[in-house]
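# Results of the structural survey
Okay, here's what each chain looks like letter by letter:
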Amino acid sequence: NAGVTQTPKFQVLKTGQSMTLQCAQDMNHNSMYWYRQDPGMGLRLIYYSASEGTTDKGEVPNGYNVSRLNKREFSLRLESAAPSQTSVYFCASSGRGSNQPQHFGDGTRLSIL
Amino acid sequence: QKEVEQNSGPLSVPEGAIASLNCTYSDRGSQSFFWYRQYSGKSPELIMFIYSNGDKEDGRFTAQLNKASQYVSLLIRDSQPSDSATYLCAVKGGGTASKLTFGTGTRLQVTL
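Described below are features of the structure shown in this document. Residue numbers here run from 1 along each chain, matching the order of that chain's written sequence. To read the labels, note that chains go from A and ligands from 1, taken in the order they are written. Selection of residues for local features in this predicted model requires a pLDDT of at least 70, selection of side-chain atom pairs for listing and counting requires 80 or more, and totals for whole chains, interfaces and linings are taken over all residues. With hydrogens and water stripped out, all remaining heavy atoms of the structure feed into the side-chain values.

All names here are of chain B. Criterion used throughout: strands pair if DSSP finds at least two bridges between them. Secondary structure elements follow DSSP: runs of H or I of four or more residues count as helices, runs of E of two or more count as strands, with numbering from the N terminus. Spatially, the 5 strands line up as an open sheet ordered β1-β3-β8-β7-β6, and their pairing is antiparallel. Two strands bound the open sheet, and with one partner strand each, they are β1 (4–5) and β6 (54–58). As paired strands, strand β3 (residues 19–25) and strand β8 (residues 71–76) are joined by 6 bridges and run antiparallel to one another. Residue pairing in the sheet places Leu21 in a bridge with Leu74 of β8.

Following this line, the structure appears as structure tokens:
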């Protein structure tokens, strides 16, 4: 059972380049999330999608866009990468209900030079 | 004031001892509380969740919640070196939104 799958696992970009991080879940979850994790900062929510067809900003949305392609897939796009976006990015999903935990993918380690 | 606060540690305990990890939160309307474990270079994995006042036990782990004091803790009994990791406290606020707010985590070191 794959759970939450993120691609790629590692990526190096140059400043100004664009890229899309992919996330897919096979747990039939309604909600999906994108976080970034930086040393000493914990997990910070970038965007989330409470259900298919909806997306909302989280704590740190600037410089990012998202697409909830269908119930399974939720992508994160960096249009013009900046060194400040060097981070580890995690995708997560959760089922319906207030007590449902979030399940995380393995992460994407992104470096922007 | 941060919404979810944890002592960053490291918290060092000897093997076999009880490790006590603490978390405070600011939103009195918070509904559910989650503990995740994160090994270095890995993704967070769920250990436990709790939403009612009191204690909830699962094997060597006990989560404790006190909503009046806005305090949640995780006890790890018979600590093992494999428990050495960062423990993240996450809180679901009031309302229908499903998003969680995470603390910055407490690093636990279990020494031989």
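The pocket and cavity definitions rest on a 1 Å grid over protein atoms only: a 1.4 Å probe that fits but cannot leave marks a cavity, an open set with protein on both sides within 12 Å along at least five of seven lines marks a pocket, and residues lining either have an atom within 4 Å of a point. Grid points are joined across faces, edges and corners, and a volume is the space filled by probe spheres set on the points. A full pass over the atoms with the stated rule returns 1 cavity of 30 Å³ or more. Considered as a void within the structure, the largest cavity measures approximately 30 Å³ in volume. Around the largest cavity sit Ser94, Gly95, Gly97, Ser98 and Gln100 of chain A together with Phe34, Lys92, Ser98 and Leu100 of chain B, which together line it.

Once that is clear, we can look at the layout of surface pockets. Approximately 430 Å³ is the volume attributed to the second largest pocket. Lining the second largest pocket are 22 residues, with Gln37 and Pro39 of chain A together with Gln38, Thr86 and Thr104 of chain B sitting closest to its centre. Taken together, the elements giving at least two residues each to the lining of the second largest pocket come down to β4 (31–38) and β9 (87–94) of chain A together with β9 (85–92) of chain B. Looking at the lining of the second largest pocket element by element, the count peaks at 3 residues for β9 of chain B. In the lining of the second largest pocket, the residues fall into 7 nonpolar, 11 polar and 4 charged. Under the scheme applied, nonpolar residues are Ala, Val, Leu, Ile, Met, Phe, Trp, Tyr, Cys and Pro; charged residues are Asp, Glu, Lys and Arg; polar residues are all the others, including Gly.

Residue and element names in this part refer to chain B. In this structure, β6 lies alongside strand β7 (residues 61–66), joined through 5 bridges in antiparallel fashion. Note that in β7 the partner of Lys56 across the bridge is Ala63. In this structure, the hairpin formed by β6 and β7 is closed by a connection of 2 residues, where Gly59 is found at a positive phi of approximately 65°.

Bringing unusual backbone geometry into the picture now. The omega torsion across Thr7 of chain A and Pro8 of chain A is -5°, close enough to zero to call that bond cis. Position of Pro8 of chain A relative to the elements: it lies in the loop between β1 (4–7) and β2 (10–13). Located in the positive-phi region is Gln70 of chain B, a residue other than glycine, with phi close to 55°. Note that Gln70 of chain B resides in the loop between β7 and β8.

Moving on, we come to the interface of chain A and chain B. Taken together, the contacts link 20 residues of chain A with 21 residues of chain B. By salt bridge we mean one thing: a side-chain nitrogen of Lys or Arg within 4 Å of a carboxyl oxygen of Asp or Glu. Where chain A touches chain B, the interface holds 0 salt bridges. Pairs of N or O atoms are called polar contacts if they sit within 3.5 Å, as long as, within protein, a hydrogen donor faces a hydrogen acceptor (for residues adjacent in sequence, only side-chain-to-side-chain pairs). The tally of links between chain A and chain B comes to 5 residue pairs in polar contact (both at pLDDT 80 or more). Looking at the side of chain A that touches chain B residue by residue, the classes come out as 9 nonpolar, 9 polar and 2 charged. In this analysis, two residues are considered to be in contact whenever any of their non-hydrogen atoms come within 4.5 Å of each other.

Residues and elements named next belong to chain A. By the secondary structure assignment, Gln85 is in the loop between β8 (74–78) and β9. Of the residues examined, Gln85 reaches a relative accessible area of 5% and is grouped as buried. At 3.2 Å, the side chain of Gln85 forms a polar contact with the backbone oxygen of Gly63. In this structure Gln85 touches Arg36, Asn62, Gly63, Tyr64, Leu78, Ser80, Leu110 and Ile112, once residues within four positions along its chain are discounted. We call a residue buried when its accessible area falls under 20% of the maximum for its residue type, exposed when it is over 50%, and partly exposed in between, using a 1.4 Å probe and counting protein chains only.

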